[in-house]
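One-letter residues, chain by chain:
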Amino acid sequence: MSISVRVQQEDFDLATEYQRLAQNKQCGAVVTFTGLVRDSVEGGLRGLELEHYPGMTEKALASIVEEAQKRWDLHGVTVIHRVGYLALNEQIVM
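Residues numbered from 1 in each chain as written. Predicted model: local features only at pLDDT ≥ 70, side-chain atom pairs only at ≥ 80, totals over all residues. Heavy atoms only, no water.

K.L.:
Summarise the overall build of the protein chain; cite the residues concerned and give the values.
P.N.:
The number of helices and strands found in the protein chain is two helices and six strands. The principal-axis extent of the C-alpha atoms belonging to the protein chain is close to 45 × 25 × 25 Å. Within the span of the protein chain, comprising 94 residues, buried residues form 23% of the whole. Within the protein chain, contacts between residues separated by at least 24 positions form 77% of all contacts whose residues are at least 6 apart in sequence. (Helix = DSSP H or I, 4+ residues; strand = E, 2+ residues; numbered from the N terminus. Buried < 20%, exposed > 50% of the residue type's maximum accessible area, 1.4 Å probe, protein only. Contact = heavy atoms within 4.5 Å.)

Given below as structure tokens:
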């Protein structure tokens, strides 16, 4: 099984990440979720500054993947979480 957990500043290409997962011949479906920076209820948000603790963040994300593996028969997992400054409508997570 292919597992990729990445914490990064740069954006990612959803189509490329999808294709990487879809190449596995055992997969019957590829399910994705992409989180975006959204405005606050009050409006006026320009963006978010996301900080993290290297090592700890990856460990926490890997733990979530491990829990998912226990619950479902997964054949590939990709988790991408962005950090740094992100403007409205930018991708945060996949």
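Having put the structure on the table, let's press on.
K.L.:
So what's going on with the environment of Asp11? Residues and values would help.
P.N.:
Take Asp11: it is sitting in the loop between strand 1 (2-8) and helix 1 (14-22). The exposure class assigned to Asp11 is partly exposed, which follows from its relative accessible area of 45%. Distance from Asp11 to Val93, taken between C-alpha atoms, is 9.5 Å for residues 82 residues apart in sequence. Ignoring anything within four residues of it in the chain, the contact list for Asp11 reads Arg82 and Gln91.

K.L.:
Give a detailed account of unusual backbone geometry, specifying residues and quantitative values.
P.N.:
Not every positive phi belongs to a glycine, and Asn89 is a case in point at roughly 70 degrees. Looking at where Asn89 falls in the secondary structure, it is placed in the loop between strand 5 (84-87) and strand 6 (91-93). Judged by relative accessible area, which is 60%, Asn89 ranks as exposed.

K.L.:
Can you explain the environment of Gln23? Please cite residues and give values.
P.N.:
With respect to the helices, strands and loops of the structure, Gln23 is situated in the loop between helix 1 and strand 2 (35-36). Judged by relative accessible area, Gln23 falls into the exposed class, the value being 56%. For the pair formed by Gln23 and Gly35, sequence separation is 12 residues and the distance between their alpha carbons is 23 Å.

K.L.:
A description of the layout of surface pockets should follow, citing residues and the corresponding values.
P.N.:
Quantified by volume, the largest pocket comes out at close to 650 Å³. As for the largest pocket, its lining consists of 22 residues, of which Val31, Leu74, Gly76, Val77 and Thr78 are closest to the centre. Elements with a minimum of two residues in the lining of the largest pocket: helix 2 (56-71) and strand 4 (76-82). (1 Å grid on protein atoms, 1.4 Å probe; cavity = no way out; pocket = protein on both sides within 12 Å on 5 of 7 lines; lining within 4 Å. Points joined across faces, edges and corners; volume = space filled by probe spheres on them.)

Any functional reading would require information beyond the geometric quantities listed.
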